[in-house]
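Working through the structure, step by step
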Amino acid sequence: AVNQLLAALALLIVTIYLRRRGSWGWILTLLPCLFMLVMTIWAMVSNEMTFWNVAADKRQWVLIIINGLTLLLAVAVVIEAMIVLIRPSARHEAAE
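Residues numbered from 1 in each chain as written. Predicted model: local features only at pLDDT ≥ 70, side-chain atom pairs only at ≥ 80, totals over all residues. Heavy atoms only, no water.

Before going further, it helps to spend a moment on the packing of aromatic side chains. On inspection of all chains with the given rule, the structure shows one aromatic pair. Consider the rings of W52 and W61, whose centres lie 5.4 Å apart with planes at 85°: the pair is edge-to-face. Assessed through its relative accessible area of 40%, W52 is described here as partly exposed. Relative accessible area serves as the criterion here: at 42%, W61 is assigned to the partly exposed category. The aromatic ring of W26 is capped on one face by R19, whose charged end is 5.2 Å from the ring centroid. Its guanidinium or amino end placed over the ring of W52, R59 lies 4.0 Å from that ring's centre, counting from NZ or CZ. (Phe/Tyr/Trp six-rings, centres within 6.5 Å; stacked < 30°, edge-to-face > 60°. Buried < 20%, exposed > 50% of the residue type's maximum accessible area, 1.4 Å probe, protein only. Lys NZ or Arg CZ within 6 Å of the ring centre and 35° of its normal.)

Here you go:
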């Protein structure tokens, strides 16, 4: 799921770049980005639950920790990106 997450985050960066340039093309990259983020995060949560819901002596702690940290970092990046997308760009602030 990490490679799909990387692709979704790359789309998110392109979306922010297009939004900052003032182009309306950012909407076209936002829709597939949101779909990929939702599906990938859903898969990562499902994997985390699968890793956790085994017998205590059979748990693979390395997978639990790496998947959990990756999930937390991805959510943090998405939150920061949404803040950037919602905030008005410098061009809009200068025009006012």
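This part takes up the side chain of T29. Structurally, T29 can be placed in helix α2 (residues 26-52). In contact with T29, other than residues within four places in its own chain, are L11, V14, T15 and L18. (Helix = DSSP H or I, 4+ residues; strand = E, 2+ residues; numbered from the N terminus. Contact = heavy atoms within 4.5 Å.)

Attention now goes to the packing of helix α1 (residues 2-21) against helix α3 (residues 61-86). Look at α1 against α3: their axes get within 10 Å of each other, and the N-to-C directions meet at 15°. With respect to α3, the element α1 is oriented roughly parallel. At the point where α1 passes α3, the crossing takes the left-handed sense. Here V2, L5, L9, L12, T15, I16, R19 and R20 of α1 come into contact with α3, specifically with T70, A74, V77, V78, A81, M82, V84, L85 and I86. Residue composition of the contact of α1 with α3, grouped by class: 13 nonpolar, two polar and two charged. (Axes fitted to C-alpha atoms, helices over the stretch in contact; angles between N-to-C directions. Parallel < 35°, antiparallel > 145°, perpendicular 65-115°, else oblique. Left-handed = near helix turned anticlockwise from the far one by under 90°. Nonpolar A, V, L, I, M, F, W, Y, C, P; charged D, E, K, R; others polar.)

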